[in-house]
Every structure is written in structure tokens, then in C-alpha cells.
Amino acid sequence: MKKGSNNHRLFAEEKKAVILFLCLFNLLFYFWDVYYYYIRLYIGGSFGTSRDGLGPFIYFLMLLPIFVAVYQLKKGKIFLIKYQYLTFFLIIDTIDNLIRYIGTNHHFASGNIVEVLCILFAPIFVNKKYFWFTSIGIIGKYILIGLILQDINVVFPLLLYLILSAVALIVLVRFYSYINSLTDVYEELKRKEKLAVIGQMAAAIGHEIRNPLAALKGFTQFQLEKYQINNNYFPIMIEEIDRINTIVDDLMYLSRPKKIKFEKASIEEIIAYTLSITQQQAERQGVTVEIIIAGPLPPLDCDEKQLKQVFINLMKNAIESMPNGGSILIHVNVVVIESQQRLSISIQDKGMGIADENILNLGEPFFTTKKDGTGLGLMVTKQIIKDHSGEIKIESLLKKGTKVNVILPINKKKD
Ligand code: ADP
Ligand code: MG
């Protein structure tokens with residue numbers, strides 16, 4: 001669905017609602033008023049006492065906002081109509097009431113059927129601002145009239161409108177929660193669509209890049225060994241080729257069907273391997289690593305290669321968050337959640353932390369705050385953990401550090 005077509009649909013819906021509102025409002029207003037002040041009295045045999053307040057003049061006055069509304073509908077400026085219309089009506093009606101009652105000893109006996117319509121119709125516009133505008137406007141009008149006339153009789157319509165407003169609010173809230181759940185589904189679909197496109201692109205590009213990259217790496221290594229050249233360029237070239245390879249691997253992970261080969265593996269070995277890979281980078285940046293492993297740990301049902309990838313990604317992020325050195329604490333222990341044994345592995349750094357506004361973006365494809373980051377690490381990490389029926393939680397405090405907690409079921413559920 002395109003955004004433009006959404007807007008177009010919203011516009012059409014609003015237009016329909018405005019026209020319906022105007023028709024119902026005017027039908028009710030004119031019929032009710034004429035019935036109440038003329039027909040009813042005529043049937044009762046007292047025709048001629050007629051309408052006081054603004055008198056029949058009000059019928060001409062109320063034509064004014066109709067002309068304005070029709071003009072605005074033609075111009076396509078439809079979103080303000082309902083506000084203007086209601087404001088105009090409330091002002092005219094207040095004046096009508098005040099003229100009718102001020103300086104007389106009549107008791108206030110009013111309340112207008114169109115106001116009931118306005119309140120009950122408000123949720124149709126699915127607009128909280130308009131709902132509050134209507135309710136507060138109408139209830140405010142009675143409070144104002146009550147204060148000016150010092151008449152307790154306004155309490156009746158006031159109570160009635162409070163109850164109607166509560167009902168309308170419940171309807172509106174239900175509308176909103178329904179719309180929100182629809183939007184969530186739509187967002188999720190969009191995210192999946194985006195991932196699918198990235199996956200297809202990755203498969204195509206990755207495939208094309210892989211082979212030349214392998215050749216390049218082979219020849220570079222060959223040159224290094226053959227000529228025994230003693231400069232730093234060759235190791236850097238090999239390192240950079242490896243870096244491209246990891247990026248391609250990350251991208252390819254998305255396109256591959258997620259067939260996981262579950263086998264028993266030792267988490268101690270996986271962590272040890274991760275450390276051996278990341279050790280060099282940690283040393284270079286003056287980062288120390290402390291590991292606490294609680295007790296003998298049972299072997300874990302997992303795809304060892306993929307879990308290594310997870311912890312390498314997490315360790316790299318932790319190290320990269322401390323460019324001026326620091327410490328990382330890895331904590332591994334067994335926990336029981338919902339009577340199932342699980343492994344909890346947390347990696348805690350004392351790095352720069354993650355800003356609140358970025359937390360929700362973690363794991364989105366290509367979200368990165370680093371100059372040469374890819375923004376793929378956490379996405380792949382989350383996917384692998386999900387494929388293992390595990391969970392990942394990230395807590396972070398800006399300038400204090402980040403704690404990433406991974407929880408994995410020890411035994412794969414039999415399916
Ligand atoms: P990349 O590392 O290539 O940027 P990732 O997906 O691994 O991509 O991480 C995405 C972003 O999440 C990083 O750019 C960083 O802003 C943030 N992040 C992840 N882990 C940490 C951490 N331990 N400390 C601070 N920021 C982190
Ligand atoms: Mg990373």
C-alpha cells in the first residue's frame with residue numbers, strides 16, 4: 001500500500017463523514033426546532049406564541065456555516081469544517097439562550113437534540129482532538145449558561161451530556177485500539193517485506209561477490225607467502241577481504257532458508273572460541289574481559305557455528321563501545337524459566353551505551369551509529385537466537401554501558 005493512496009482514502013473517508021454529519025445535523029436542527037417551537041404548540045392550540053430568543057432569525061443565521069462548509073468542501077479544505085461548524089453553532093445557541101432567559105423569570109429548560117448527535121457522532125471522525133473539542137465545548141456551554149443565569153436547571157442536560165460523552169469516549173477508544181492493532185500488523189508485514197527484499201538482493205549479490213573474493217584472498221595469501229614481503233599491506237588486505245566476507249555472510253544469512261542443524265555443543269567452548277577471535281581487537285583497544293561461569297554447564301542443543309557468530313557479534317559491539325579501553329564481564333549460568341532449564345549468557349560492557357531513541361531501532365537492517373558499521377550484526381544475531389527459540393534482552397545506560405542478555409533453551413523441544 002502506498003502512502004499517497006492511504007492519504008487519499010483518509011481524505012475520502014473524512015469527506016464522507018463531514019457530509020453525513022452536515023446532513024444529519026441540519027435535518028435534526030431544523031426539524032426539531034420547527035417541531036418544538038411551532039408544530040408542537042400548534043397541535044396544543046397555542047400557535048402564534050412562537051419562538052423567542054433569536055426567533056426565526058436563527059434559521060437564516062444557521063444557513064451561513066452551510067455555505068462556508070460547501071465552499072470548503074469544493075476547495076478540498078475539509079478537515080476544519082467540523083470544528084468551525086460546531087463553534088458557530090455553540091456561539092449562536094449560547095446567544096439564543098441568553099437572550100431568551102436573561103431578565104426573565106423563566107426557568108432554564110433547554111438542551112438540544114443536535115448536541116446529542118454531535119457527541120455521539122464525534123467518534124466517527126476517529127480524532128481524539130475533535131472528540132474533546134465537542135464534549136468540552138458542549139458541556140462548557142452549559143456551565144457558562146448556568147453561571148450567567150445562576151440556574152440549577154442546567155444540571156440535567158449537563159449530566160446527560162457527561163454520560164453520553166463517556167459512552168462516546170469508550171467507542172472512540174475501541175476504534176483506536178482496533179486501528180492500532182491493524183497498524184501493528186501492517187508494520188510487521190512491511191518489515192517482513194523489507195527483509196524479504198534484502199534477502200533476495202543479498203542472495204544475488206552475495207553469490208556474485210563470493211567467488212571473486214575467494215580468488216582475491218587466495219592470490220593475496222599466495223603473494224605474501226611467495227615473496228615474503230615484510231610490510232603491513234598484505235595482512236591488512238587479507239583482513240579487509242575477511243571483513244567483506246563477514247558482511248556478505250551476514251547478508252546471506254537472511255536469504256538462506258533457516259535450516260538449523262541442532263547438535264549438542266559446549267557453551268564453554270563456544271565462548272572460548274569467541275574470545276580467541278575477538279582477543280586481538282580487545283587488546284588493541286585496551287579492553288579486558290572477565291568471565292564468570294557458574295557451575296558445570298550441561299551441553300546445549302544448538303547450531304554451534306551460528307551461536308559462535310552470535311557471541312562474536314555481541315563481543316565486537318561491546319569492544320567497539322569502548323574505544324578508550326574498559327572492561328567486559330561475561331556471565332554464564334543455568335536458569336529455570338517456566339520449568340524449563342535454560343542457559344543465560346550476559347555480556348556487560350562499560351562503554352558509551354545506547355541512546356533511548358535508538359533502542360527500538362536495534363536489530364533493524366542497516367541501523368548503525370558507527371562510521372564503518374554495517375548495521376547487520378544485531379539483526380543476524382536476533383534472527384539466530386529466534387531460530388533457537390531463545391530470547392535477547394538489551395539494557396543500556398548512556399555513558400554507563402550496555403548489558404546484553406541471551407537466554408537459550410538447553411534442550412530443543414521435540415517437534
Ligand atoms: P554495527 O555494529 O555494524 O553498527 P550492529 O547491528 O551490531 O551493527 O549494531 C547496531 C548499533 O547498535 C550499533 O551501531 C550501536 O549504535 C548499537 N550497539 C549495539 N551494541 C552496543 C553496545 N554494546 N554498546 C553501545 N552501542 C551498541
Ligand atoms: Mg556490530
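All values derive from a computational prediction rather than experimental measurement. (Residues numbered from 1 in each chain as written. Chains lettered and ligands numbered in written order. Predicted model: local features only at pLDDT ≥ 70, side-chain atom pairs only at ≥ 80, totals over all residues. Heavy atoms only, no water.)

### Side note on unusual backbone geometry
At step 1: Backbone geometry places Val 126, a non-glycine residue, at a positive phi of 45°.
At step 2: Here Val 126 shows up in the loop between α5 (113-121) and α6 (128-149).
At step 3: Overall, Val 126 belongs to the partly exposed group, its relative accessible area being 30%.
At step 4: Here the phi dihedral of Ser 339 falls at roughly 50°; this positive angle occurs in a residue that is not glycine. (Helix = DSSP H or I, 4+ residues; strand = E, 2+ residues; numbered from the N terminus. Buried < 20%, exposed > 50% of the residue type's maximum accessible area, 1.4 Å probe, protein only.)

### Examining the nonpolar core
At step 1: Ranked by size, the top nonpolar core spans 46 residues in total, and within it Phe 21, Phe 25 and Phe 29 carry the most contacts.
At step 2: For this core, the elements supplying multiple residues, two or more each, are α1 (3-43), α2 (57-61), α3 (63-75), α4 (81-101), α5, α6 and α7 (155-227).
At step 3: Per element, the largest residue contribution to this core is nine residues, and it comes from α4.
At step 4: Not counting residues up to four positions away in its chain, the partners in contact with Phe 25 are Met 62, Tyr 85, Phe 89, Val 114, Leu 117 and Cys 118. (Core = buried A, V, L, I, M, F, W, Y, C linked by side-chain atoms within 4.5 Å. Contact = heavy atoms within 4.5 Å.)

### Digging into the pairing of strand β5 (residues 340-349)
At step 1: A large share of β5 lies buried, amounting to eight of its ten residues.
At step 2: Across ten bridges, strand β4 (residues 326-337) lies against β5 in antiparallel orientation. The partner of Val 336 across the bridge, within β5, is Gln 341.
At step 3: Counted between consecutive antiparallel strands, the loop separating β4 from β5 contains two residues, among which Glu 338 sits at a positive phi close to 50°.
At step 4: In this sheet, strand β7 (residues 401-409) lies alongside β5 in antiparallel orientation, the contact comprising eight bridges. Paired with Ser 344 across the strands is Ile 407, a residue of β7. (Pairing = 2+ DSSP bridges.)

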